Amino acid sequence: MSLLSVRNLHVSVDGKEILKGIDLEMGSGEVHAIMGPNGSGKSTLSYVLSGREGYEVTEGEVRFNGQDLLAMVAHERAAAGVYLAFQYPVEIPGVSNMTFLKTAVNAVRRARGVEELDAINFLKFAREKGKILEMKDELMKRPVNVGFSGGEKKRNEIFQMAMLEPTLAILDETDSGLDIDALRIVSEGVNRLRSPERSMLVITHYQRLLDHIVPDYIHVLAKGKIVASGGKELALELEREGYAKFGVEDAPAAA
Amino acid sequence: MADSSVETFVESFERARNALPGSKLSEMRGSAIAAFARDGFPTPRLESWKYTNLNRLSRAAFDPLADVASVEASAWADLRIAGADVIVIANGRYDAAASSVGSLPAGTVLSPLSEAIDGVEAEFREAEEGAAGSLVALNTAFMRDGLVLRLPKGAVLARPVQILHVVDGGAKSLSVHPRTLIVTGENSEATVIETFAGAGEAAYWTNAVTEIRVGANAGIRHYKRQSEAVSAFHTAVSRVRLDRDARYEAVALATGAALSRNELRVSFEGSGADAELRGGALLRGRQHADNTTEADHRVPHTSSRQVFRNVLDGRSRSVFQGGVIVEKDAQKTDSSQSNRNLLLSAGAQADTKPELRIFADDVKCAHGATVGDLDRTALFYLNSRGIPPDEAKALLIGAFVGEIAETIADEAVKAHFDAAIAGWMTGLGGEGA
């Protein structure tokens, strides 16, 4: 049985159809990459899967672990094991990263029927997971993402993922705007979190990321539809020939 | 304009004038009631009262002389700040049994006004000379109790001083007119907290005046928690004068009263003086809260920062009138002002008006104001991490209001303000505008 099963998904935003019939099957532990030019609907797919308001599903269905994912609101999806690493992580002045994460971790644990962590055990847990992402203690005390560099923000996204232990992680352009060192830390973090119980949907504009996070499958999204699927060799083909082959103008940028 | 309740106050004054404390103040009280009889209650025709209408207050029949049973002070034990010296003013009168003051540095006076009233005439007279407004005049006419704090040169108070005002007139509509005087000598330091609370079937009115003079290089932290009964009226004026290198830090948080007005006027009279004015209101239902400030920079090299935050639910309304005056000689003034308002319902309304009058040319004066609702992107971000909507909202609102009292360093004092915020937050979500 698939962990995630997307069938004929049509999604509109403000009455304009963005996704025009997406089909996608992901098994447990698999890493799928979705590549596509700007405006192809990549971010819409990530938001509609994670439950953001304002995305109207006009047709199709999404099942996650056999459940109707679209019937759940955002925090229920998180508790069920869906995680979105944001393309643009949100700044929350006045709320420390620590308070934010403790609230999130315990909300998810409560929903999953696991005992909540007290302050001391939370700190231990955070330190342990923080090592994977080379998170400085100081970043935990600062307000969420406020004054973080681009790289620190993306690391914070993957750090949160490590803390929330999802079964499906959606990485929305996690590599955009990162220099090679930051990319290395982030992608090593992601690779450490790969496991047979965790699937990942890696959305990217750049082929470069797939050198670091090697996917099992690659899909090409163009104009709201998946126009090609294949193994990792598809990325190389795209880099060589561009999206033109799939009827799209925009060439994929190679790092 | 002859409001019937203006006449009632004048008549009450005639009956009470000989019984009011402080024989030396009698003449001053007489001119004050004459000024009130002449001017009446402030109306929206006055620019500084444009957004706050006292119509309902001026029509109500408040009795400054009502004979009411004493307040059971133990009922207000939660409002006492742990480790503080506490002066309790119950129904406008000093409650000696409920008050407790420990040992103080030599020469320090910490006393209820009723016991120190013979020494305040000169200072009050001087204060009357300014255009104080008719509510201050009414306070002067009827003031009976409050706090007098005098710090000699170099006195540093180890414990915060709390003045706890409680009103419970039962079925009687009481008006109370507490007065506080704080005069500090060179290099002295103190933290003073004014707490206002009340109960009772009938609406009451607190009309408070606080005078503060901060001496050269002295520091006063002046915090105010307004947790009046939700049917009450609360008007208050704090007038602060800063000497050379004086430091003044204010926090004024309002969660109570049907209608409240908190006026904070700071006059910079010595160079190097600095003031930080913070405050805000957390409102719901049909509450109305007005914060009106004035930072009057009169001499060179002074600085002020104003930070006001309001959160409005239901059909409540907030007003912020932020005044900054930089007089001709006040070169190198550095002032800033920020007012942000968070609207939690479509029926809430925030009025914000920066009022900068600048007559010097080499100054920095920044100001900014916003009115908006909760950031939907931030809410989604929190939800996407598994935090349910109510908890996410509370986290964002908590962060927003946290700025009001974030400068309070003393833990017990901070807890006093956090309790007011937490108390208001527990009422969230239970309201249908």
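Below is a summary of the structure that appears in this document. These numbers were taken from a predicted model, which means no experiment stands behind them. Within every chain, residues take consecutive numbers counted from 1 along the sequence as written. Following the order in which they are written, the chains are lettered starting with A and the ligands numbered starting with 1. Where totals are concerned, whole chains, interfaces and linings use all residues; where local detail is concerned, this predicted model gives features only for residues with pLDDT of at least 70, and gives and counts side-chain atom pairs only at 80 or more.

## Here we look at the overall build of chain B
- When helices and strands are tallied, chain B shows 9 helices and 20 strands.
- It is over C-alpha atoms that the radius of gyration is taken, and the globule rule equals 2.2 Å times the number of residues to the power 0.38. Whereas a compact globule of 433 residues would reach a radius of gyration of roughly 22 Å, chain B reaches 21 Å, a difference of no more than 12%.
- With respect to the principal axes defined by its C-alpha atoms, chain B has extents near 70 × 55 × 45 Å.
- Here chain B holds 433 residues, and the buried ones make up 51% of them.
- Residue pairs are scored as contacts if the distance between their C-beta atoms, which are placed from the backbone, is within 7 Å. When contacts within chain B are restricted to residue pairs at least 6 apart in sequence, long-range pairs at least 24 apart make up 84% of them. By the criteria applied, helices consist of DSSP H or I runs no shorter than four residues and strands consist of E runs no shorter than two, each listed in order from the N terminus. The exposure label follows from counting other C-beta atoms within 10 Å of a residue's C-beta, where the C-beta atoms are placed from the backbone and the thresholds are 20 or more for buried and 12 or fewer for exposed, leaving partly exposed in between.

## A look at helix α6 (residues 150-164) of chain A
- Expected span of a helix, by definition, is 1.5 Å for each gap between consecutive residues, and there is one gap fewer than residues. Taking 1.5 Å of rise per residue, 15 residues should cover 21 Å, and α6 of chain A covers 21 Å from first to last C-alpha, within 8% of that figure.
- Most of α6 of chain A is tucked away: 13 of the 15 residues are buried.

## Some remarks on the interface of chain A and chain B
- Taken together, the contacts link 20 residues of chain A with 17 residues of chain B.
- Contributing elements (two or more residues each) for the side of chain A that touches chain B: α2 (74-80), β7 (92-96), α3 (97-111) and α6 of chain A.
- No other element matches the 5 residues that α3 of chain A contributes to the side of chain A that touches chain B.
- Residue polarity follows a fixed list, in which Ala, Val, Leu, Ile, Met, Phe, Trp, Tyr, Cys and Pro are nonpolar, Asp, Glu, Lys and Arg are charged, and the others, Gly among them, are polar. Per-class residue counts for the side of chain A that touches chain B are 14 nonpolar, 5 polar and 1 charged.

## Regarding the sheet that holds strand β2 (residues 16-26) of chain A
All names here are of chain A.
- When DSSP finds two or more bridges between two strands, those strands count as paired. Strand order in the open sheet made by the 4 strands is β2-β1-β4-β5, with antiparallel pairing throughout. The strands lining the two open edges of the sheet, one partner per strand, are β2 and β5 (67-68).
- Relative to β5, strand β4 (residues 56-64) runs antiparallel, the two being bridged by 2 bridges. Bridge pairing in β5 places F64 opposite Q67.
- Against the sheet, helix α1 (residues 42-50) makes contact with β1 (4-13), β2 and β4, and its axis sits at roughly 70° relative to β2, the strand it touches most. Here the axes come from fitting lines to C-alpha atoms, over the contacting stretch only for helices, and the angles between their N-to-C directions go from 0 to 180 degrees.

## Brief notes about unusual backbone geometry
Residue and element names in this part refer to chain A.
- Despite not being glycine, N8 has its phi angle at roughly 50°, a positive value.
- Mapped onto the secondary structure, N8 falls in strand β1.
- Phi is positive for K223, close to 50°, though the residue is something other than glycine.
- Within the fold, K223 resides in the loop between β11 (217-222) and β12 (225-230).
- K223 gets classed as partly exposed once you count the C-beta atoms within 10 Å, which come to 16.

## Comments concerning the environment of N8 of chain A
- A tally of 12 C-beta atoms within 10 Å means that N8 of chain A is categorised as exposed.
- Taking the C-alpha atoms as reference, N8 of chain A lies 9.3 Å from L19 of chain A; in sequence the two are 11 residues apart.

## Considerations on the packing of helix α2 (residues 26-39) of chain B against helix α6 (residues 134-142) of chain B
Residue and element names in this part refer to chain B.
- One way to put it is that α2 packs onto α6 with a least axis distance of 8 Å and a crossing angle of 145°. Taken as a pair, α2 and α6 cross one another with a handedness that is left-handed. Only S134, A137, L138, T140 and A141 of α6 make contact with α2, whose side of the interface consists of M28, R29, A32, I33, A35, F36 and D39.
- Of the residues contributing to the contact of α2 with α6, the split by class is 8 nonpolar, 2 polar and 2 charged. The handedness criterion is simple: a crossing whose near helix is rotated anticlockwise from the far helix by less than a right angle is left-handed, and one whose near helix is rotated clockwise is right-handed.

## Topic: the nonpolar core
- Core analysis: the biggest nonpolar cluster contains 175 residues, and Y83 and I170 of chain A have the highest contact counts within it.
- In terms of residue count, helix α8 (residues 389-405) of chain B provides more of this core than any other element does, 8 residues in total.
- Residues contacting I170 of chain A, with those up to four places away along its chain left out, are S46, L49, S50, Y83, L84, A85, L201 and I203 of chain A.
- Among the nonpolar cores identified, the runner-up in size contains 17 residues, and V6, V136, A141 and M143 of chain B belong to it. Working definition: the nonpolar core is a set of buried Ala, Val, Leu, Ile, Met, Phe, Trp, Tyr and Cys residues, joined through C-beta atoms within 7 Å.

## Things to note about the environment of L238 of chain A
All names here are of chain A.
- Structurally, L238 can be placed in helix α9 (residues 233-241).
- C-beta crowding within 10 Å serves as the criterion here: with 23 such atoms nearby, L238 is assigned to the buried category.
- Between the C-alpha atom of L238 and that of H205, which follows or precedes it by 33 residues, the distance is 11 Å.

## Some remarks on the pairing of strand β16 (residues 303-312) of chain B
Residue and element names in this part refer to chain B.
- Burial analysis of β16 places 7 of its 10 residues in the buried class, the great majority of the element.
- Pairing of strand β14 (residues 274-283) with β16, which is carried by 10 bridges, proceeds in the parallel orientation. Following the sheet pairing, R278 is matched in β16 by V307.
- Relative to strand β18 (residues 334-343), β16 is paired through 10 bridges, and the arrangement is parallel. Bridged to F308 within β18 is N339.

## Some points on the packing of α3 of chain A against α6 of chain A
Residues and elements named next belong to chain A.
- Here α3 crosses α6 at 35°, and the two axes come no closer than 10 Å. The crossing of α3 and α6 is right-handed. In this structure, α3 uses L101, A104, V105 and V108 to contact α6, whose residues at the interface are Q160, M163 and L164.
- Of the residues contributing to the contact of α3 with α6, the split by class is 6 nonpolar, 1 polar and no charged.

## A word on the pairing of strand β9 (residues 168-172) of chain A
Residues and elements named next belong to chain A.
- Buried residues dominate β9, accounting for 5 of its 5 residues.
- Covered by surrounding structure in β9 are L168, I170 and D172 together with A169 and L171, the residues of both alternating faces.
- As defined by bridge partners, strand β6 (residues 82-85) adjoins β9 across 4 bridges and the pair is classed as parallel. Residue pairing for β9: L84 is matched across the bridge by I170.

## Some details on the sheet that holds β18 of chain B
Residue and element names in this part refer to chain B.
- Spatial strand order, β2-β1-β5-β8-β10-β12-β14-β16-β18-β20: 10 strands in an open sheet with mixed pairing. Both edges of this open sheet fall to β2 (93-94) and β20 (364-372), since each of them pairs with a single strand only.
- Inspection of the sheet shows β18 paired to β20 by 9 bridges, in the parallel sense. Directly across from S335, in β20, lies its bridge partner C365.
- Taken strand by strand, α8 contacts β12 (247-254), β14, β16 and β18, and its axis lies near 145° from that of β16.
- Contacting β8 (189-199), β10 (219-227), β12 and β14, helix α9 (residues 411-425) crosses the sheet at an angle of about 25° to β10.

Function-wise, these values are silent; they only describe arrangement.
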